[in-house]
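Chain residues, written in single-letter form:
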Amino acid sequence: MKQWISVDERLPDERVKVLAFIVNNFNIERGPGYQLAWREDDSAWATDDYYIDDYSIRVTHWMPLPEKPL
């Protein structure tokens, strides 16, 4: 099983979809969780639902997606 990688340790390549652990500091109802996301550039991430470009919502960890089944 793959391990979570801290964004402080290493970032995925830009525009490559990964499983991201997302923390929302201002919306307790949304809370932390994981979601399919990709890195737009050095300071911004995106998901199918929203664009993450500030510190209220941030990605702390990520992991590569598993291989597709045969």
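For the structure itself, look to the data block above.
Residues numbered from 1 in each chain as written. Predicted model: local features only at pLDDT ≥ 70, side-chain atom pairs only at ≥ 80, totals over all residues. Heavy atoms only, no water.

Visitor: Give me the packing of aromatic side chains: which residues, what numbers.
Guide: Under the definition given, this model contains one aromatic pair. Between Trp4 and Phe21 the ring centres are 6.2 Å apart and the planes differ by 75 degrees, which places this aromatic pair in the edge-to-face class. Taken together, the residues span a long stretch of sequence, with Trp4 in the segment before β1 (5-6) and Phe21 in strand β2 (residues 18-24) at a distance of 17 residues. On the accessibility criterion, Trp4 (37% relative accessible area) is partly exposed. Residue Phe21 is classed as partly exposed on the basis of its relative accessible area of 28%. (Phe/Tyr/Trp six-rings, centres within 6.5 Å; stacked < 30°, edge-to-face > 60°. Helix = DSSP H or I, 4+ residues; strand = E, 2+ residues; numbered from the N terminus. Buried < 20%, exposed > 50% of the residue type's maximum accessible area, 1.4 Å probe, protein only.)

Visitor: So what's going on with the pattern of salt bridges? Residues and values would help.
Guide: Following the criterion strictly, the structure yields three salt bridges and no others. Among the salt bridges present, the one from Arg15 reaches Glu14, with a minimum N-O distance of 3.3 Å. In this structure Arg15 comes out as exposed when scored by relative accessible area, which is 56%. Across the pair Glu14 and Arg39 runs a salt bridge whose closest N-O atoms are separated by 4.0 Å. Taken together, the residues span a long stretch of sequence, with Glu14 in the loop between β1 and β2 and Arg39 in strand β3 (residues 33-39) at a distance of 25 residues. One salt-bridge network, held together by shared partners, links Glu14, Arg15, Arg39 and Glu40. (Salt bridge = Lys/Arg side-chain N within 4 Å of Asp/Glu carboxyl O.)

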